[in-house]
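# A look at the structure
Chain residues, written in single-letter form:
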There are 2 protein chains.
Amino acid sequence: MLTIDPAEIPVPKLHHYLLGAVGPRPICFASTVDVDGRRNLAPFSFFNVFSANPPIAVFSPARSGRTGETKDTFKNVSAVPEVVINLVNFAMAQQMSLASSPYAHGVDEFEKSGFTPIESECVRPARVKESPVQLECKVIEIKELGKNGGAGNLVICQIVKVHIQHNVLNNDGMIDQHKIDLIARMGGNWYCRANEASMFEIEKPITSIGVGLDQMPKDILSSEILTGNNLGQLGGVESLPDETSVNEYKLLELSDLFIDMESDQKGLEIALHKRAQELLHVNKLEEAWKTLLAFNN
Amino acid sequence: MLTIDPAEIPVPKLHHYLLGAVGPRPICFASTVDVDGRRNLAPFSFFNVFSANPPIAVFSPARSGRTGETKDTFKNVSAVPEVVINLVNFAMAQQMSLASSPYAHGVDEFEKSGFTPIESECVRPARVKESPVQLECKVIEIKELGKNGGAGNLVICQIVKVHIQHNVLNNDGMIDQHKIDLIARMGGNWYCRANEASMFEIEKPITSIGVGLDQMPKDILSSEILTGNNLGQLGGVESLPDETSVNEYKLLELSDLFIDMESDQKGLEIALHKRAQELLHVNKLEEAWKTLLAFNN
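We now turn to the structure provided with this report. (Residues numbered from 1 in each chain as written. Chains lettered and ligands numbered in written order. Predicted model: local features only at pLDDT ≥ 70, side-chain atom pairs only at ≥ 80, totals over all residues. Heavy atoms only, no water.)

What follows covers the environment of G212 of chain B. Along the chain, the position of G212 of chain B falls in the loop between β14 (199-201) and α5 (218-221). Residues within four places of G212 of chain B in sequence aside, it is in contact with L98, Y103 and K112 of chain A together with G235 of chain B. (Helix = DSSP H or I, 4+ residues; strand = E, 2+ residues; numbered from the N terminus. Contact = heavy atoms within 4.5 Å.)

If you want it as structure tokens, here you go:
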């Protein structure tokens, strides 16, 4: 274990560790205006949604680690407390990154990055037409976390209007997690794209209460085959199958295996755990449990 | 465009839209204790880092959308203002999800999920041994965003100690973005895994200032071949190649193409844009620019 006292390493190094540890981070592509109405557009990954009622998002245009200066976005929301938070999909990645160049104050990053400004309904800053979801927000508070280089500023935003492109909606009118094709920020120059290759599902236990790993037989917990993820899945069932159903399953589905491996109990156990693992991969929890419990039944 | 006034739809539906729009969200696997020292462990994806100096992370244990109740984690940090934020990798996914079951107050989710508690150095809550990065934090403020169902609570945490597993570090002692194998939360039951298949790099313009799309020739901007990402990349160069270097490149690298397609100017333009696109895919910006500019030279 590498253990670090934040007070004892240089701020830029700590910053790098935090950027590499906390991620992938969603991207707020923030559109703001100064008092003269001049547009600014810049991406921030110190960002998330934090509440649905009221609907609140927070992002942090931090002070430069090198100069301690605040960013145009910070100055703008301080003067005109409104922002459009545009979400960013893969098709927008390179132009969004271009908008993060340190252009001089007053340069319109919409023009530089080639995104199309469209008028908002409730706030002065423009929306990014190309963005799949655009959140019009009123800034309800700005909380400065420090005054030195690297200090964040919590820009607390109430979402007053939500715009969603039709082509990212599914048949139920909700946002399809594949169609929206979001990207997120990581450490270094890395981004993560949420696509077929990287997305996976876990059924969320909203009301059901899993038995937990503490209720599982020791020989299963200490399996050489089953991973932590396998055990976590197994722990999610509300109750273990009873002896009768295990015996029935053993007779119907596992008798060949038990006969073949009769003289090799260790091999039998491994074979059963491997089979249970395959069943878990296709989310057949009940059958996986019966397979595992058959060994000592 | 689907346009929604947050005040006019039910909170759970708005919540779903926000969960589907803002992502992938990093996961705070929060370890806390009550006044009697009883452990609690629960994941939250309304979470991010917001500042490096001071080092600040924020997460939100929101009130239940159904009951308006606060969570054990909220009660714990209100009573004992300390938390360990454990980051979550792919190997921890199923056990982490299990810990999000609605176990009764006083149930130790370390035991239920089978994670190993290890003592912290500066705070009372335990760390999760299996987590690749563990952040010991003092809660410096809790900001309630509302009192009704779905209301978030900003738990503002100062990071007082950082623990990083050696096996996620690269040779420079920094966190390797491939080795850490982070997962993040999306809408519905979806998660995103940051791995080889989903990660990509964009060189970040920290000091260089790209010419921008507003400085690009119209025929390139209106290309039928080049995508927004291609244009964004092209806009990142600090200056366009001069006529002499374009002519030289045209003579050396493109003369076959110009001769073959002499009688088909439209075809030639398309061929040049396709070749430029291939060059952009391997990050050869200078050559891509010369290829595009050769057409009108």
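Least-squares fitting of chain B to chain A yields an RMSD of 0.0 Å, with the transformation described by 0.0 Å of translation along the axis and a rotation of 180 degrees. What the superposition gives is, in effect, a two-fold axis relating one chain to the other. Interface residue correspondence from chain B to chain A reaches 100%, placing this contact among same-surface, isologous pairings. (Least-squares fit on C-alpha atoms with pLDDT ≥ 70 in both.)

All told, the structure shown has nine aromatic pairs over all chains when counted by the stated rule. Each ring, one from F50 of chain A and one from F50 of chain B, has its centre 5.8 Å from the other, and the planes form 50 degrees; the classification is tilted. Highlighted residues: F50 of chain A in strand β5 (residues 47-52) and F50 of chain B in strand β5 (residues 47-52), drawn from two different chains. Taking relative accessible area as the criterion, F50 of chain A reaches 0% and is therefore assigned buried. Geometrically, the ring pair formed by F200 of chain A and Y191 of chain B is stacked, given 5.4 Å between the ring centres and 15 degrees between the ring planes. Pair noted here: F200 of chain A is in strand β14 (residues 199-201) and Y191 of chain B is in strand β13 (residues 190-193), and the two residues belong to different chains. (Phe/Tyr/Trp six-rings, centres within 6.5 Å; stacked < 30°, edge-to-face > 60°. Buried < 20%, exposed > 50% of the residue type's maximum accessible area, 1.4 Å probe, protein only.)

Turning next to the packing of helix α7 (residues 243-253) of chain A against helix α10 (residues 285-294) of chain A. Residues and elements named next belong to chain A. Contact geometry of α7 with α10 gives a least axis separation of 9 Å together with a crossing angle of 85 degrees. The orientation of α7 relative to α10 falls into the category roughly perpendicular. Contact residues: α7 offers S245, V246, Y249 and K250, while α10 offers E287, K290, T291, L293 and A294. Grouping the amino acids of the contact of α7 with α10 by side-chain chemistry returns four nonpolar, two polar and three charged. (Axes fitted to C-alpha atoms, helices over the stretch in contact; angles between N-to-C directions. Parallel < 35°, antiparallel > 145°, perpendicular 65-115°, else oblique. Nonpolar A, V, L, I, M, F, W, Y, C, P; charged D, E, K, R; others polar.)

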